[in-house]
Amino acid sequence: MSDPLSPRANARARVVFDTFRSRHDPLLAAWLSFRAQVLPGAELPPAGPVRSVDGPAVGGVFGVWRLLASNNRELARGADLSASPDRARAAVELVQTRFVELAPATVRGTSAMRHGWSLRLDGEPVLMCARWYESPGEAAAAARSVRTVLAGADIALSVTIGTRSGRRHRHGVLDLVG
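Definitions and cut-offs
Counting of residues starts from 1 at the beginning of each chain's written sequence and follows it residue by residue. Reporting in this predicted model follows two pLDDT cut-offs: at least 70 for local features of residues, and 80 or more for side-chain atom pairs to be given and counted; totals over whole chains, interfaces and linings ignore these cut-offs and use all residues. Calculated side-chain values reflect all of the structure's heavy atoms, with hydrogen atoms and water omitted. Among buried residues, the Ala, Val, Leu, Ile, Met, Phe, Trp, Tyr and Cys ones that are joined through side-chain atoms within 4.5 Å form a nonpolar core. The buried label goes to any residue with under 20% of its type's maximum accessible area, the exposed label to any with over 50%, and the partly exposed label to all in between, with areas taken from a 1.4 Å probe on protein chains only. Contacts are assigned to residue pairs with any non-hydrogen atoms lying within 4.5 Å of each other. By definition here, a salt bridge exists when the distance from a side-chain nitrogen of Lys or Arg to a carboxyl oxygen of Asp or Glu is within 4 Å. Only DSSP runs of H or I with at least four residues qualify as helices, and only runs of E with at least two residues qualify as strands; both kinds are numbered from the N terminus onward. Note on aromatic contacts: the rings of Phe and Tyr and the six-membered ring of Trp form a pair at centre separations within 6.5 Å, being stacked when their planes are under 30 degrees apart, edge-to-face when over 60 apart, and tilted otherwise. As a reminder, the over-ring test applies to NZ of lysine and CZ of arginine, requiring each to be within 6 Å of the ring centre and within 35 degrees of the ring normal. Each helix should span, by expectation, one fewer than its residue count multiplied by 1.5 Å. The arc under discussion is defined with respect to the helix axis, by the directions toward the C-beta atoms. Between any two strands, pairing holds if DSSP finds at least two bridges.

Asker: Help me out: how do you make sense of the nonpolar core in this one?
Answerer: A general feature of soluble globular proteins is that nonpolar side chains tend to end up buried together. Core analysis: the biggest nonpolar cluster contains 38 residues, and Val 15, Phe 17, Leu 67, Trp 117, Leu 127, Val 146 and Leu 150 have the highest contact counts within it. When near neighbours in sequence (up to four residues on either side) are disregarded, Leu 67 contacts Ala 13, Arg 14, Val 15, Arg 73, Glu 74, Leu 75, Ala 76, Val 146, Val 149, Leu 150 and Ala 153.

If you want it as structure tokens, here you go:
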């Protein structure tokens, strides 16, 4: 019989940032569609321009942040679009430092077997599920678990940027102010 595997010392969840080239990006459309189902009626802030590595800035939104497990499985998505990388990072840092104040809320999807969740700070959604769950109890448990995971997650210093071909790639370090 072999010895049990020891856990990896550095296996931690992490926050990553994604951006979109324009308002017509199909990945943005998918994100907005899912957000509308999980957070019906929630307002989106006005969007700013996209900064691109392969061309000039174009009209659109900067992007979103996501919480990934140590195995790269998406656990949650930020609930808002950010106008710049430093604003996205500031939002994540605020939510992370106030994780104990995050209040879970469950939602029912378009069918009986679709349930989601959001985490709210001061009544506003700041984080939402990345997939549907079969029961409201399962969704609520996932929300509580994500709240705990977020508290110890590393925040990435790079951003994934969409290219003209629609592919995504890592791009340098976030342009942080202050």
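Asker: Explain the pattern of salt bridges here, please?
Answerer: Close approach of charged atoms allows side chains of opposite charge to pair. Under the counting rule described, the total for this entry stands at eight salt bridges. Arg 98 serves as the salt-bridge partner of Asp 122, at 3.2 Å between the closest nitrogen and oxygen. On the criterion of sequence distance, the pair formed by Asp 122 in the loop between strand S5 (115–121) and strand S6 (124–129) and Arg 98 in the loop between helix H2 (85–97) and strand S4 (103–108) is long-range, its members being 24 residues apart.

Asker: Would you mind going over the packing of aromatic side chains with me for this structure?
Answerer: Aromatic ring pairs are reported here in terms of the distance separating the ring centres and the angle at which the planes meet. Overall, the coordinates contain one aromatic pair when judged by the stated rule. Above the ring of Phe 34, the side-chain terminus of Arg 77 is found at 4.9 Å from the ring centroid.

Asker: Would you mind showing me how to read helix H1 (residues 26–38) here?
Answerer: Spacing of three or four residues puts side chains on the same side of an α-helix, whose turn is 3.6 residues. Its 13 residues place the ends of H1 19 Å apart at the C-alpha level, agreeing with the 18 Å of an ideal helix rising 1.5 Å per residue. Of the residues making up H1, those classed as buried are Leu 28, Trp 31, Phe 34, Arg 35 and Val 38. The buried residues of H1 occupy one face: seen down the axis, they fall within an arc of 130°. Buried residues along H1 sit in contact with strand S2 (63–68), strand S3 (74–78), S4, S5 and S6.

Asker: When you look at the pairing of S6 in this model, what are you seeing that I'm missing?
Answerer: Looking along a regular strand, one sees the side chains alternate between the two faces of the sheet. Counting buried residues along S6, five of its six residues qualify, which places the element largely inside the surrounding structure. Two strands pair when backbone bridges link them, and S5 and S6 are joined in this way by four bridges, in the antiparallel orientation. Looking at S6, one finds that Leu 121 is bridged to Glu 124. Once S5 ends, the chain turns through two residues before running back antiparallel as S6, passing Asp 122 with a positive phi of about 55°.

Any link to function would need more than the numbers given here.
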